Amino acid sequence: MRSLVVDVSLQDRPPSVDRLARSLAATGLPHPLLVDAARAAIAAGDPDSAPARARTLHRRLLTPVINATGVLLHTNLGRAPQAWSQSARYSNLELDLDTGERGDRQTGAPDLLARACGAEAAMAVNNCAAAVMLVLAALAEGRDAVVSRGELVEIGGGFRVPDVMAWSGARLVEVGTTNRTRRDDYVAAVSDPVNDVAAVVQVHRSNFRVVGFTEAPRTAELASLGPPLVADIGSGLLDSRCGWLESGPPPWLDSEPAARQTLEAGAALVTFSGDKLLGGPQAGIIAGRAELVDACRRHPLARALRPGSLVLAALQDTALAYLRGDGRAIEFWRMAALTPAELRGRLGAYEGLAEVVTAATPGGGTLPGVEIESVGVSVPGDHAGALRSRPRPIIARVIDGATVADLRTVHPDDDAEVAAALREVAG
Ligand SMILES: *Cc1c(COP(=O)(O)O)cnc(C)c1O
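The shown structure was predicted, so the numbers you read here are calculated from the model rather than taken from an experiment.

Criteria and thresholds
- Residues numbered from 1 in each chain as written.
- Predicted model: local features only at pLDDT ≥ 70, side-chain atom pairs only at ≥ 80, totals over all residues.
- Heavy atoms only, no water.
- Helix = DSSP H or I, 4+ residues; strand = E, 2+ residues; numbered from the N terminus.
- Expected span 1.5 Å × (residues − 1).
- Buried < 20%, exposed > 50% of the residue type's maximum accessible area, 1.4 Å probe, protein only.
- Arc of directions from axis to C-beta.
- Near = heavy atom within 4 Å.
- Polar contact = N/O pair within 3.5 Å; in protein donor to acceptor, adjacent residues only side chain to side chain.
- Areas by Shrake-Rupley, 256 points an atom, 1.4 Å probe, with all protein chains shown as cover.
- Nonpolar A, V, L, I, M, F, W, Y, C, P; charged D, E, K, R; others polar.
- Pairing = 2+ DSSP bridges.
- Axes fitted to C-alpha atoms, helices over the stretch in contact; angles between N-to-C directions.
- Contact = heavy atoms within 4.5 Å.
- Phe/Tyr/Trp six-rings, centres within 6.5 Å; stacked < 30°, edge-to-face > 60°.
- Salt bridge = Lys/Arg side-chain N within 4 Å of Asp/Glu carboxyl O.

Draft legend 1. Molecular detail of helix α3 (residues 31–43). For α3, spanning 13 residues, the distance from its first C-alpha to its last is 18 Å, which sits close to the expected 18 Å at 1.5 Å a residue. Leu34, Val35, Ala37, Ala38 and Ala41 are the residues of α3 that are buried. Projected down its long axis, α3 shows its buried positions confined to an angular sector of 165°, all on one face. Seen from the buried face of α3, the exposed residues on the opposite side, beyond 90 degrees, are Pro32 and Ala43. Just downstream of α3 lies Gly45, where phi reads positive at about 70°.

Below, the structure is given as structure tokens:
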């Protein structure tokens, strides 16, 4: 019976498709994908294009790349890089090893993060957009949430504050103007009897700056309005003192809000991403007052937004590194803290290539306009495409007609490979 079925399918298929597909086997792609490439090539009347089509399919697969852009949290390259490997083993994801009873996945990494930023409690969801949505659903569903018109922003990748708030079921009460919002504007909204204000929301304008005639109340001024203050700080800087860096806070951190200090200033909850300045996996963290975090954990949406064990295990590694004060174990901070002298110390691997001063950036929709002095090498001409097409793609920038590799985001183990690639494209 079995062979009969196969025979029928082979009869249906023009033999040349199958032969063409088999000729592409060296790509390593599974046969059905090679059949797709072969079919498309034949349908286009251009069988010779089959290898290129197979290559295109192959290049859509997730693969490690070398980030030579100097953008530390490159949104297109997965934001914060993280080493991770795991064998096929179970974990105690929801098992209490002491009692043998059902455990809670939210007591692992989230508790460690709470400890690291001085919060009473924390929980993790899939990203910061989900964190904001869950917080508003848990605290303000069917009620009002007050937010400044100056903070109704869109942050990279389509996170639009008004949309996320609407999905949560909370009603948005807008106060102030784009450039100026005062504490009195919030007071008026909170005390207006037509409103039923359940939360005040403060959103960090992560990816842009409003300069000039501007005014916005500080967190501490909004914490005393009555309803709980939810501060979406976005970037996941845990503590502005950066105790995990031997050299202390880098100057470019500027006025980036940090979880610990925002909570100390009176925010009831903070929300932030796992894969921006926190340097962990994609996740969203909700941290702050225990009873409010608990309300989030109990909300039915929490089930739909919860991360799996892969993410929670990676987040746990990140949190433990913070608690050890070991910024070097967090790849983002290891790269961010490199001094220009340390970067120049690697130039030996790039002998014969021109050294350039570069400006690395935090990226990831954080700290707009912030530059971190860095070191790069350059070759004349635009070779970005050739570098991308290598077996291990190298992503570089083209600045003033030259291709530049910024050493800050290149792992030192990859220096020789990047140097060889640059020499090759430069001819
Ligand atoms: C980046 C950011 C978000 C969105 O975070 P994701 O983890 O990408 O969902 C939300 N709010 C602020 C303030 C941000 O900076």
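Structure's up, so let's keep going.
Draft legend 2. Main features of the site of the ligand. As a structural note, the neighbourhood of the ligand is formed by Arg79, Asn127, Cys128, Ala129, Ile155, Phe159, His204, Ser206, Asp232, Gly234, Ser273 and Lys276. Between the ligand and Asp232, the relevant distance is 2.6 Å, taken from a nitrogen atom to a side-chain nitrogen or oxygen of the residue. In the model, an oxygen atom of the ligand is placed 2.7 Å from a nitrogen or oxygen of the Lys276 side chain. Isolated, the ligand exposes 390 Å² of accessible area, and the fraction of that covered by the protein chains is 95%. Mapped onto the shell around the ligand, the elements with two or more residues apiece are α6 (128–140) and β9 (229–234). Looking at side-chain class alone, the shell around the ligand contains 4 nonpolar, 5 polar and 3 charged residues.

Draft legend 3. Molecular detail of unusual backbone geometry. A positive phi angle, close to 50°, is found at Cys242, a residue other than glycine. Considering the arrangement of structural elements, one finds Cys242 in the loop between β9 and α10 (259–264). Of note in this structure, Asp400 is not a glycine but carries a positive phi near 50°. Among the secondary structure elements, Asp400 is positioned in the loop between β14 (394–399) and β15 (402–406).

Draft legend 4. Expanded view of the pairing of β14. Judged from the 3 bridges that link them, strand β1 (residues 66–68) and β14 form a sheet pairing that is parallel. For Ala68, the partnering residue across the bridge sits in β14 and is Ala396. Looking at chain direction, β14 and β15 are connected through 3 bridges and run antiparallel. Bridge pairing in β15 links Val398 to Thr403. Taking the residues that link successive antiparallel strands as the turn, the β14-β15 hairpin has 2 residues, and the phi of Asp400 there is positive, at about 50°.

Draft legend 5. Expanded view of the sheet that holds strand β12 (residues 354–363). The mixed open sheet is built from 6 strands, whose spatial order is β1-β14-β15-β13-β12-β2. Pairing within the sheet leaves two strands with one partner each, and these edge strands are β1 and β2 (71–73). Neighbour to neighbour, the strand axes of the sheet diverge by 35° on average, direction disregarded. Where helix α17 (residues 415–426) meets the sheet, it contacts β1, β13 (372–380), β14 and β15, and its direction lies at approximately 40° from that of β13.

Draft legend 6. Quick peek at the packing of aromatic side chains. Under the counting rule described, the total for this entry stands at 4 aromatic pairs. Between the aromatic rings of Phe332 and Trp333, the centroid separation amounts to 4.9 Å while the plane-to-plane angle is 75°, which identifies the pairing as edge-to-face. Note on Trp333: relative accessible area 1%, which makes it buried. Within the aromatic cluster, the residues linked to one another by ring pairs are Trp244, Trp252, Tyr322, Phe332 and Trp333.

Draft legend 7. View of the pattern of salt bridges. Evaluation of the coordinates by the stated rule reveals 26 salt bridges. Note that Arg260 is salt-bridged to Asp239, the shortest N-O span being 2.9 Å. On the criterion of sequence distance, the pair formed by Arg260 in helix α10 and Asp239 in the loop between β9 and α10 is long-range, its members being 21 residues apart. Side by side, Arg260 and Asp239 carry an identical accessibility label, which is buried. Residues Asp326 and Arg324 are paired through a salt bridge, measuring 3.8 Å at the closest nitrogen-oxygen approach. Look at Asp326 and you get partly exposed, because its relative accessible area is 28%.

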